[in-house]
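Summary of the model geometry
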Amino acid sequence: MRVRYVARGLGAMMLAIGPLGAQQPGGARGASATVKDGEECPPGMTEVRPRSCRAPEMPAPSIVDYRPRSTLVTAGHKVPKAKYPAIDFHGHPGSQMTNAVELEQMGAEMDAMNLGLMVTANNTSGEALKRQAALVKASLKMKDRVRILAGVDFRNVGPGWAAKAVAQLEADVAAGAVGIGEIGKGLGLSYRKADGTRLRIDDPDLDPVWDAAARLKLPVFIHTADPQEFWQEINYTNERWLELALFPGRRYPADKNPSFEELMTERDNLFRKHRGTTFVTAHMGWHANDLGRLGRMFDEMPNLNTEVGAVLYDIGRQPRGAHDFFVKYQDRILFGKDSYQPEEYPYYWRVFETRDEYFDYYRGYHAFWKLYGIDLPDSVLKKVYYQNALRITRTLPQAGWPR
Ligand SMILES: [Zn+2]
């Protein structure tokens, strides 16, 4: 039986969706409705002709269960090994940095995907950094395949903090650190100063650390905020709905957090104020969905670079725009992966190196779309894979890379 009714517009629809995406009503299978121009169909229905909505005859699957098999027949090229040896500037190995056997095992995995060098961005400092540097140095296979970024401890910033932080940084450099990072999103989002106020990213109390980085020629690798959708209402228009529903800790309710734009402003103030310091904004600064914005930052801030970890879903959904962006800013982009999962790196090689179309991304909850190759020229691949990292990080092993 067909139930026919006319939707009462957007207000009625929003009411029906409810908070956090409660079950769609959709009770009336095969029901239909008409809407006015510009109105959306009621929940559970889709527009089958202009202004004409219909509900499926069968229960609709949730987005968790709907996994359509693509019938597209087109040439595809898996790329298990990068075309040129790559430097992972956003490395997060775990027990590999404390266990000699696992370290060598990581070397075998790196060989298999042509990852030439792992830069660990685990915020390591002090004794832990010394132990890890010694472990790497002791391995014949790995002594030139891993380098370590130093961490900065942002707890209790206040009088006397900076002198201690700079002294620790100098000690970490003496122990082998090649840069600073990863400065995490806690800077801006969660750290409190000794006086209890929020530690702003551009707080002048931190200036001596950025100045020391310039003096010691250390790149500063910094992750600020998170994808902007994490600040938005979790409704069915949010393109990160599934991720936010799976990981409650990724939501940033407006009443408890600085806004996305507030954090971006503080971050950009930092980059502008310290022109002599080389910064690498992680995850393409969370602007991979707005490359024009990142391009304007590059144009304005010659000390700024970026890294591509965990935003492949945005690069690969705009293959033409991303190709042009990578070519234009080829001296400013570094390869980085973030979480260490050897089976995920080849997705990056495939996006960067091929013209493949409409292929899967490695994490379904990040993206409800497929990826496309951006087909970078060899000269750009070399810069992104290793030349840019070598240039901004003088103490990386400089020998043995393809010319
Ligand atoms: Zn990271």
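Report on the accompanying structure. (Residues numbered from 1 in each chain as written. Predicted model: local features only at pLDDT ≥ 70, side-chain atom pairs only at ≥ 80, totals over all residues. Heavy atoms only, no water.)

Quick word on the overall build of the chain
Broken down by element type, the chain carries 13 helices and 12 strands. In terms of C-alpha radius of gyration, the chain reaches 24 Å, essentially the compact-globule figure of 22 Å for 403 residues. For the C-alpha atoms alone, the extent of the chain along its principal axes is close to 80 × 55 × 40 Å. Taking all 403 residues of the chain together, the buried fraction comes to 51%. Sequence-distant contacts, at least 24 apart, represent 74% of the contacts inside the chain between residues at least 6 apart. Across the chain, the 53 positively charged side chains and the 49 negatively charged ones have centroids separated by 2 Å. (Helix = DSSP H or I, 4+ residues; strand = E, 2+ residues; numbered from the N terminus. Rg over C-alpha atoms; globule rule 2.2 N^0.38 Å. Buried < 20%, exposed > 50% of the residue type's maximum accessible area, 1.4 Å probe, protein only. Contact = heavy atoms within 4.5 Å. Lys, Arg positive; Asp, Glu negative; His and termini not counted. Charge placed at Lys NZ, Arg CZ, Asp CG, Glu CD.)

Some points on the packing of helix α8 (residues 260-273) against helix α9 (residues 291-300)
Contact geometry for α8 and α9: axes closest at 11 Å, N-to-C directions at 20°. Classified by the angle their axes make, α8 and α9 are roughly parallel. Crossing hand, α8 versus α9: right-handed. Two secondary-structure elements touch here, α8 through Phe-260, Glu-261, Met-264, Arg-267, Asp-268, Phe-271 and Arg-272 and α9 through Arg-293, Met-297 and Glu-300. In terms of residue class, the contact of α8 with α9 is built from four nonpolar, no polar and six charged. (Axes fitted to C-alpha atoms, helices over the stretch in contact; angles between N-to-C directions. Parallel < 35°, antiparallel > 145°, perpendicular 65-115°, else oblique. Left-handed = near helix turned anticlockwise from the far one by under 90°. Nonpolar A, V, L, I, M, F, W, Y, C, P; charged D, E, K, R; others polar.)

Let's talk about the coordination of the zinc ion
Within the protein, the zinc ion binds to His-90 (NE2), His-92 (NE2) and Glu-182 (OE); these donor distances fall in the range 1.9 to 2.1 Å. Sequence positions of the donors to the zinc ion reduce to the motif H-x1-H-x89-E. In this pair, His-92 sits in strand β4 (residues 86-92) while Glu-182 sits in strand β7 (residues 179-183), placing the two residues 90 residues apart along the sequence. On the basis of relative accessible area, His-92 is assigned to the partly exposed category, the value being 22%. (Donors = N, O, S within 2.8 Å, 3.2 Å for Na, K, Ca; no water.)

Some thoughts on the packing of helix α4 (residues 161-174) against helix α6 (residues 207-215)
Remark: α4 packs on α6, axes separated minimally by 9 Å, with the N-to-C direction vectors making an angle of 25°. By the criterion of interaxial angle, the relationship of α4 to α6 is roughly parallel. As α4 packs across α6, the resulting crossing turns out to be right-handed. Of α6, the residues touching α4 (which contributes Trp-161, Ala-162, Ala-165, Val-166, Leu-169 and Glu-170) are Pro-208, Val-209, Ala-212 and Arg-215.

A few points about α4
In a regular helix each residue adds 1.5 Å, so 14 residues correspond to 20 Å; α4 covers 20 Å between its end C-alpha atoms and thus fits that length. The set of residues buried in α4 consists of Trp-161, Ala-162, Ala-165, Val-166, Leu-169 and Asp-172. One face of α4 carries all of its buried residues, which in axial projection span an arc of 120°. Residues of α4 that are exposed and point more than 90 degrees away from the buried face comprise Ala-163, Lys-164 and Ala-174. In this structure, the buried side of α4 is in contact with β5 (115-124), α3 (126-137), β6 (146-150), β7 and α6. (Expected span 1.5 Å × (residues − 1). Arc of directions from axis to C-beta.)

Side note on the packing of aromatic side chains
For the structure shown, the criterion picks out 31 aromatic pairs. Ring centres of Phe-154 and Tyr-191 lie 5.9 Å apart, and the angle between their planes is 55°; on these two criteria the pair is classed as tilted. Linking Phe-154 in the loop between β6 and α4 with Tyr-191 in the loop between α5 (186-189) and α6, this pair joins segments that are 37 residues apart in sequence. The class of Phe-154 is buried, set by a relative accessible area of 3%. Positioned above the aromatic ring of Trp-369 is the side chain of Arg-317, whose terminal nitrogen or guanidinium carbon lies 3.9 Å from the ring centre. (Phe/Tyr/Trp six-rings, centres within 6.5 Å; stacked < 30°, edge-to-face > 60°. Lys NZ or Arg CZ within 6 Å of the ring centre and 35° of its normal.)

A word on the nonpolar core
Trp-210, Met-284, Phe-326, Phe-335, Trp-349, Phe-352 and Tyr-385 are the most contacted members of the largest nonpolar core, which has 111 residues in total. With eight residues, helix α13 (residues 378-392) is the largest single contributor of residues to this core. Those residues in contact with Phe-326 that sit more than four places away from it in its chain are Met-284, Val-308, Ile-315, Ile-333, Phe-352, Ile-374, Leu-376, Val-380 and Val-384. (Core = buried A, V, L, I, M, F, W, Y, C linked by side-chain atoms within 4.5 Å.)

A short note on a nonpolar patch on the surface
Taken together, the side chains of Ile-63, Val-64 and Phe-368 present a nonpolar region at the surface, about 270 Å² in accessible area. Assessed through its relative accessible area of 46%, Val-64 is described here as partly exposed. (Patch = residues over 30% accessible without salt bridge, like charges linked within 9 Å, V, L, I, M, F, W, Y side chains within 5 Å. Areas by Shrake-Rupley, 256 points an atom, 1.4 Å probe, with all protein chains shown as cover. Salt bridge = Lys/Arg side-chain N within 4 Å of Asp/Glu carboxyl O.)

Some remarks on the pairing of β7
Of all five residues in β7, five are buried, a share of seventy percent or more. Bridge count for β6 against β7 is two bridges, and the pairing is parallel. Bridging across to β7, Ala-150 finds its partner in Ile-180. Read from β6 through α4 to β7, the crossover connection turns out right-handed. (Pairing = 2+ DSSP bridges. Right-handed = clockwise from strand over helix to strand, strands pointing away.)

Topic: helix α2 (residues 100-113)
For α2, built from 14 residues, the straight-helix expectation of 20 Å at 1.5 Å per residue is met to within 8% by its first-to-last C-alpha distance of 20 Å. Those residues of α2 that fall on the buried side of the exposure criterion are Leu-103, Met-106, Gly-107, Met-110 and Met-113. In a view along the axis of α2, the buried residues occupy a sector of 130°, so they form one face of it. Tucked into the core, α2 has its buried residues touching β5, α3, β6 and α12 (345-353). With a side-chain oxygen positioned 2.9 Å from the backbone nitrogen of Val-101, the residue opening α2 is Asn-99. (Polar contact = N/O pair within 3.5 Å; in protein donor to acceptor, adjacent residues only side chain to side chain.)

As for the environment of Glu-266
With respect to the secondary-structure elements, Glu-266 resides in helix α8. With 71 residues separating them along the chain, Glu-266 and Lys-337 place their C-alpha atoms 25 Å apart. For Glu-266, the residues in contact, after removing those within four places along its chain, are Arg-198, Arg-200, Ile-201 and Asp-202.

Thoughts on the sheet that holds strand β2 (residues 46-49)
Overall, antiparallel pairing links the three strands, which are arranged β1-β3-β2 in an open sheet. Edge positions in the sheet fall to β1 (32-34) and β2, since each of these pairs with one other strand and no more. Neighbour to neighbour, the strand axes of the sheet diverge by 40° on average, direction disregarded.

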